[in-house]
There are 2 protein chains.
Amino acid sequence: MKIEIWSDVVCPWCYIGKRRLEQALEEFPHRDEVEVVYRSFELDPSAPQVPVESTVESLARKWGTDVAGARGAMARGDEVAAEIGLHFRHHDAPHAHTVDAHRLLHLAREVDLQPALKDSLLAAYFTRGESMADHDVLRKAAADVGLDQARVDEVLAGTEYADAVEADIREAAALGATGVPFYVVDRKYGISGAQPSEVFTQVLDRAWADSHPQLDVVGGADACGPDGCAI
Amino acid sequence: MKIEIWSDVVCPWCYIGKRRLEQALEEFPHRDEVEVVYRSFELDPSAPQVPVESTVESLARKWGTDVAGARGAMARGDEVAAEIGLHFRHHDAPHAHTVDAHRLLHLAREVDLQPALKDSLLAAYFTRGESMADHDVLRKAAADVGLDQARVDEVLAGTEYADAVEADIREAAALGATGVPFYVVDRKYGISGAQPSEVFTQVLDRAWADSHPQLDVVGGADACGPDGCAI
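1. Examining the sheet that holds strand E3 (residues 182-185) of chain A
One open sheet holds the five strands; their spatial order is E2(A)-E1(A)-E3(A)-E4(A)-E5(B), and the pairing between them is mixed. Each having just a single partner strand, strand E2 (35-40) of chain A together with strand E5 (216-218) of chain B make up the two edges of the open sheet. Strand-to-strand twist in this sheet, taken as the mean axis angle between neighbours without regard to direction, amounts to 20°. Across four bridges, the pairing between E3(A) and strand E4 (residues 189-192) of chain A is antiparallel. The residue bridging A:Val185 from the neighbouring strand is A:Tyr189, located in E4(A). Sheet contacts for helix H5 (residues 99-110) of chain A: strand E1 (2-7) and E2 of chain A; angle to E2(A), the most-contacted strand, approximately 155°. Here helix H6 (residues 114-128) of chain A sits on the sheet and contacts E1 and E2 of chain A; the angle it forms with E2(A), its principal contact strand, is near 50°.

See below:
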């Protein structure tokens, strides 16, 4: 079974949804046969490499409120996160592009370190308020999970995996995803948003049954067997 | 979409079922995307290479009746066949093994001549009463559909594809088929016996819908989009 997750490293509900899915997977009897793949999604493709404002300032601008108003609006996500042990401190994190983080996630996938790097990046942004466009931050997150430093430097210095990031984003649109997190199970079921873990469990059960069918036999017509034909 | 058909070349309901499936396929809008594969099944693996009795004599012996009784019991199949333009004259055909015919069907599959050879063999047995173990009969059926004569001779002279025939027979048992024809669509649906063409149509429609799913999306939970997060 394959779960593809479109998400961004600066998306609070993606972080919360990740924990909820992990909880569902922990209780899923066939968890060892589930492959999880993170797909790229950029919440703000126009965000700069060199930050000019904080996350809360950017949201205030987008929503046409003041910074205090935006900060208030962010509170509910912070509370839900706190309930599952995540202490969000990203309000004042630099608002910056995330394409380089996604390029590293594609590199990490090749060496089976993608889930670890995803966690490392989310922690850097949400709990330490670090910039996802800062190459030093990205290098540190990559080093913490054991990614090859030389390859990381090489990827960050160029545009490697930029096409894979673009392809993921186009595919999200093709699948009808307008926001993230967006989960796709066996290219058959979609889950939009940070659903409760019970919803993940239901969809996992259903997808498992689908991919392990018993033959559904229509019988009762004339046939021939070892004892002759029913004629 | 893939339809696998377990059948034997001496099985009347397999011939009738073949026509009924063909009728359903003719009306199926996605018929160009359907692959049909014939799998081997031997109704009587103990049947000899050199015939010692006719089909009707063999059935009379099996059923514990006399030849006239067996002939009478075969009449219904003959009538159903006649209704779709097939004139069965196999009562007095030699009762012989079919493994060589199945081996040639495996050869034919490699060069996309399997359905043609199947038809050619069924016609030889059912409408001309020829022996399916007679290499001259098999050579003629193969030549009629354009199979390479040298390869046909090579296969008939040895045991090539005998393992493939055995594997098909084992697989039928694993799938729960005790008689033929037995149809398996996308390894998901089974159809046992020569069902009416409407039943084939129903299963084809259902299998097509299964293999061309729209994402079935669970929505309504917190998510982030281009305009920010629902927080």
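Structure shown, so let's carry the discussion forward.
2. Considering the interface of chain A and chain B
Each partner contributes residues to the interface: chain A has 49 residues there, and chain B has 49 residues. We note a salt bridge from A:Asp222 to B:Arg76, for which the minimum N-O separation is 2.5 Å. Seen at the junction of chain A and chain B, the total is nine residue pairs in polar contact (both at pLDDT 80 or more). With four residues, the single largest contributor to the side of chain A that touches chain B is E4(A). Tallied by class, residues from the side of chain A that touches chain B come to 29 nonpolar, 12 polar and eight charged. Direction of pairing for E4(A) relative to E5(B): parallel, over a ladder of three bridges. Across the sheet, the residue bridging to A:Tyr189 is B:Asp216, located in E5(B).

3. A look at the relation of the copies chain A and chain B
Note on the identical chains: chain A maps onto chain B by a rotation of 180° and an axial translation of 0.0 Å, with an RMSD of 0.1 Å. On the angle and the small slide along the axis, the relation comes out as a two-fold axis. No C-alpha of chain A lies nearer the rotation axis than that of A:Asp210, which sits 4.9 Å from it. Interface residue correspondence from chain A to chain B reaches 100%, placing this contact among same-surface, isologous pairings.

4. Considering the pattern of salt bridges
For the structure shown, the criterion picks out 40 salt bridges over all chains. When salt bridges that share partners are traced, they join A:Glu4, A:Arg39, A:Asp168, A:Glu171 and A:Arg187 into one network.

5. Quick word on H6(A)
Residue and element names in this part refer to chain A. A rise of 1.5 Å per residue sets the reference length of H6, with its 15 residues, at 21 Å; its end C-alpha atoms lie 20 Å apart and thus fit the reference within 8%. Of the positions making up H6, those classed as buried are Gln114, Leu117, Lys118, Ser120, Leu121, Leu122, Ala123, Ala124, Tyr125 and Phe126. Along its buried surface, H6 packs onto E1, helix H1 (12-26), E2, helix H2 (55-63), H5 and helix H7 (135-144). Phi for Gly129, located one or two positions after H6, is positive at around 65°.

6. Some points on the confidence of the model for chain A
Residue-level pLDDT values for chain A average 93, and 99% of them are 70 or greater. Predicted as a complex, the structure gets a pTM of 0.58 and an ipTM equal to 0.72.

7. Things to note about helix H8 (residues 149-157) of chain A
Residue and element names in this part refer to chain A. Of the positions making up H8, those classed as buried are Val152, Val155 and Leu156. Down the axis of H8, the buried side of the element spans an arc of 95°, and every buried residue falls inside it. Those residues of H8 that are exposed and aimed more than 90 degrees away from the buried face are Ala150 and Ala157. On the buried face of H8, the contacting elements are H5 and H7.

8. Concerning the packing of aromatic side chains
The geometry of an aromatic ring pair is captured by two quantities: the separation of the ring centres and the angle between the planes. One pass over the full model with this rule turns up 12 aromatic pairs over all chains. Members of the aromatic cluster, joined through ring pairs, are A:Tyr15, A:Phe88, A:Tyr125 and A:Phe126.

What counts as what
Residues numbered from 1 in each chain as written. Chains lettered and ligands numbered in written order. Predicted model: local features only at pLDDT ≥ 70, side-chain atom pairs only at ≥ 80, totals over all residues. Heavy atoms only, no water. Pairing = 2+ DSSP bridges. Helix = DSSP H or I, 4+ residues; strand = E, 2+ residues; numbered from the N terminus. Axes fitted to C-alpha atoms, helices over the stretch in contact; angles between N-to-C directions. Contact = heavy atoms within 4.5 Å. Salt bridge = Lys/Arg side-chain N within 4 Å of Asp/Glu carboxyl O. Polar contact = N/O pair within 3.5 Å; in protein donor to acceptor, adjacent residues only side chain to side chain. Nonpolar A, V, L, I, M, F, W, Y, C, P; charged D, E, K, R; others polar. Least-squares fit on C-alpha atoms with pLDDT ≥ 70 in both. Expected span 1.5 Å × (residues − 1). Buried < 20%, exposed > 50% of the residue type's maximum accessible area, 1.4 Å probe, protein only. pLDDT = per-residue confidence, 0-100. Arc of directions from axis to C-beta. Phe/Tyr/Trp six-rings, centres within 6.5 Å; stacked < 30°, edge-to-face > 60°.

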